[in-house]
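Observations on the three-dimensional arrangement
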Amino acid sequence: MQERTSGRTGARGNAAVGAQPMESVGDTIGVEEEFHVVNAESGELEAAARRVLRGADAEPELHRSMVETATAVQTDLSALRADIVEKRRSLTEACDRLGLAPVAAGTVPGSGSGPSRVYPDERYERMAQEYRQLVDEQQVAACQVQVGVPDRDQAVRLTRRIREWLPVLLALSVSSPYFAGQDTGYASYRTVVTSRWPTVGPPPDLASAAEYEKVVETLVESGVISDAGMVYFDARPSARYPTVEVRVADSCPRIDDVVLLAALSRALVTVAAEEDDAGRPLPEAPQVLLRAATWRAARSGLSGHLVDPSTRTAVPAGVRIDAFLNHVRPALEARGEWETAVDLLADLRGRGTSATRQRRAPSHREAVLALVAETRQP
């Protein structure tokens, strides 16, 4: 969840996602993954991040039961996948030495079960004091894709151009049905938990970097947030890199699903840039419908309907996914990624989302251990 604006090196400091020179939108890509740390036998959360990080290529997150990894700057999906595999291998080996395991999922059943101390960091401790219960319950994990966009004014416009499609990415990634020991009835309860923060949701109606920075400045000066890293829109210009950060998705246990999200996110941003370069008007959709579309995706994932904010209709999830794929097909084909994306998407739709698979487990413990096994798979 957190985007650091200064201070640390390590996995996030070395990632420099989007820092290398690029000529066009989408030339660079990177992924940041958040993980829960659990006991390898019981599946219960463990506040062991400090011990894990001594031996892993990873960084701390808000809670002591969470860590985060970030890939280096990549240009193609095969290199990105190899990087993700290596980051997960390092994290898994560090956990193994401690009888622990990482879990890539939006939540685990123990998330939000009680007060949890934040990682010992001045910024996190300040947040805990200011936001209280929101921080206590923020035991959730996301998957964030950084897509290179060299021009910051355009980056702001692109977040607005892609926002109507972001709920589709969420629906594909849903992996958080459980919270506080209960089946919430949602496919992504992580989305519900994070929605209570003051700077979360669809990107706002802004058209330039100056407008965006003024909004952030006002939020900081008012005391609503402490720094630009606390802007948590579903897509945003990064506070550190020349990228658009697509951050709507739950953390995904299967690496194939992470690669799919990365491919689709980059294609979505690329198509938006082509529309922008062609001078097409910025799409208009009421914020209430954009938020409703996100809620609908969080509620049912791929098992029900999704909202199309542009036509103001609800359609079966499969129909909306097909429309998304058709929308981004030119960008996928241009990069030679069309067949990969189609195959990965077909596989996901065939086996069902992580939320669906978790609910098939006979117990919460078995659900977590299945997530552990999927997170370990290369």
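Anything mentioned here points back to the structure above.
Residues numbered from 1 in each chain as written. Predicted model: local features only at pLDDT ≥ 70, side-chain atom pairs only at ≥ 80, totals over all residues. Heavy atoms only, no water.

Moving on, we get to the environment of Ala58. Along the chain, Ala58 turns up in the loop between α2 (49-53) and β2 (59-60). What makes Ala58 buried here is its relative accessible area of 9%. Separated by 19 residues in the primary sequence, Ala58 and Leu77 place their C-alpha atoms 21 Å from one another. (Helix = DSSP H or I, 4+ residues; strand = E, 2+ residues; numbered from the N terminus. Buried < 20%, exposed > 50% of the residue type's maximum accessible area, 1.4 Å probe, protein only.)

This part covers the packing of helix α7 (residues 166-173) against helix α12 (residues 317-334). Put simply, α7 and α12 touch, their axes get as near as 10 Å, and they point 120° apart. With respect to their mutual orientation, α7 and α12 come out oblique. Considering how the two elements wind past one another, α7 and α12 form a crossing that is left-handed. Here α7 contributes Val168, Leu169 and Leu172 to the contact with α12, which in turn contributes Arg320, Ile321 and Phe324. Class assignment for the residues of the contact of α7 with α12 results in five nonpolar, no polar and one charged. (Axes fitted to C-alpha atoms, helices over the stretch in contact; angles between N-to-C directions. Parallel < 35°, antiparallel > 145°, perpendicular 65-115°, else oblique. Left-handed = near helix turned anticlockwise from the far one by under 90°. Contact = heavy atoms within 4.5 Å. Nonpolar A, V, L, I, M, F, W, Y, C, P; charged D, E, K, R; others polar.)

Time to look at the nonpolar core. In terms of nonpolar packing, the biggest core is built from 58 residues, with Ile162, Leu169, Leu264, Val269 and Leu332 touching the most fellow members. For this core, the element with the highest residue contribution is helix α10 (residues 255-277), accounting for 14 residues. In this view, Leu264 contacts Leu169, Leu172, Phe324, Leu325, Val328 and Leu332; residues no more than four positions away in its chain are not counted. One finds Val37, Leu53, Ala104 and Tyr212 within the second-largest nonpolar core, a separate group that totals 34 residues. (Core = buried A, V, L, I, M, F, W, Y, C linked by side-chain atoms within 4.5 Å.)

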